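Each chain, written out:
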Amino acid sequence: MLQSQILESLAKYPWFIDLNQEYIVELTPYGVYGRYRLPNHITVNIQRKPNEIALTILHEVVHLRLESEVQKKKLTHSQKERMVEEEYCRLIIGKP
Ligand SMILES: [Zn+2]
C-alpha cells in the first residue's frame, strides 16, 4: 500500500524528522510534486515512486522549517529554493 511504502522510505531518514513536530500530509493525484502551507501542512502528488514522494515530503518539511527565516530575509523564490535545497541536501547526506 502506497502510504506504508512512503512511510518506509521516510524511515530511512530518522534524524530528519522531529518526532515532536506533527505534519499533516495530504496525498493527491493532481498538481505539482509538492506544496506546503504553514504551519504544518504538506500536499504531495502521488503519481510517482514512493521514494520520490518521500523525498518531496522531506523537501517540503524543510520549507516549513525555514519559512520564517525566508520571510524575514525577504528572499526571492529562487533564493528561497536554493536555501531549502542546501539545507535538504545537508540533512539527507548528513547523518548526525
Ligand atoms: Zn521547494
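Residues numbered from 1 in each chain as written. Predicted model: local features only at pLDDT ≥ 70, side-chain atom pairs only at ≥ 80, totals over all residues.

**Q** Describe the nonpolar core, with residues and values.
**A** The nonpolar side chains of a soluble globular protein tend to be buried with one another. Core analysis: the largest hydrophobic core is formed by 13 residues, its most contacted members being Ile53, Ala54 and Ile57. Taken together, the elements giving at least two residues each to this core come down to α1 (2-10), β3 (41-45), α2 (50-72) and α3 (77-93). Per-element accounting of this core gives the leading share, six residues, to α2. In this view, isoleucine 57 contacts Leu10, Val25, Ile42 and Val44; residues no more than four positions away in its chain are not counted. (Core = buried A, V, L, I, M, F, W, Y, C linked by C-beta atoms within 7 Å. Buried ≥ 20, exposed ≤ 12 C-beta atoms within 10 Å, placed from the backbone. Helix = DSSP H or I, 4+ residues; strand = E, 2+ residues; numbered from the N terminus. Contact = placed C-beta atoms within 7 Å.)

**Q** Run through the sheet that holds strand β1 (residues 24-28), naming residues and quoting values.
**A** Taken in spatial order, the three strands line up as β1-β3-β2 in an open sheet, and their pairing is mixed. Each edge of the open sheet is held by one strand with a lone partner, namely β1 and β2 (34-37). The sheet shows a mean angle of 20° between the axes of neighbouring strands, taken without regard to direction. Relative to β3, β2 runs antiparallel, the two being bridged by four bridges. Looking at β3, one finds that tyrosine 36 is bridged to isoleucine 42. Here α2 sits on the sheet and contacts β1, β2 and β3; the angle it forms with β2, its principal contact strand, is near 30°. (Pairing = 2+ DSSP bridges. Axes fitted to C-alpha atoms, helices over the stretch in contact; angles between N-to-C directions.)

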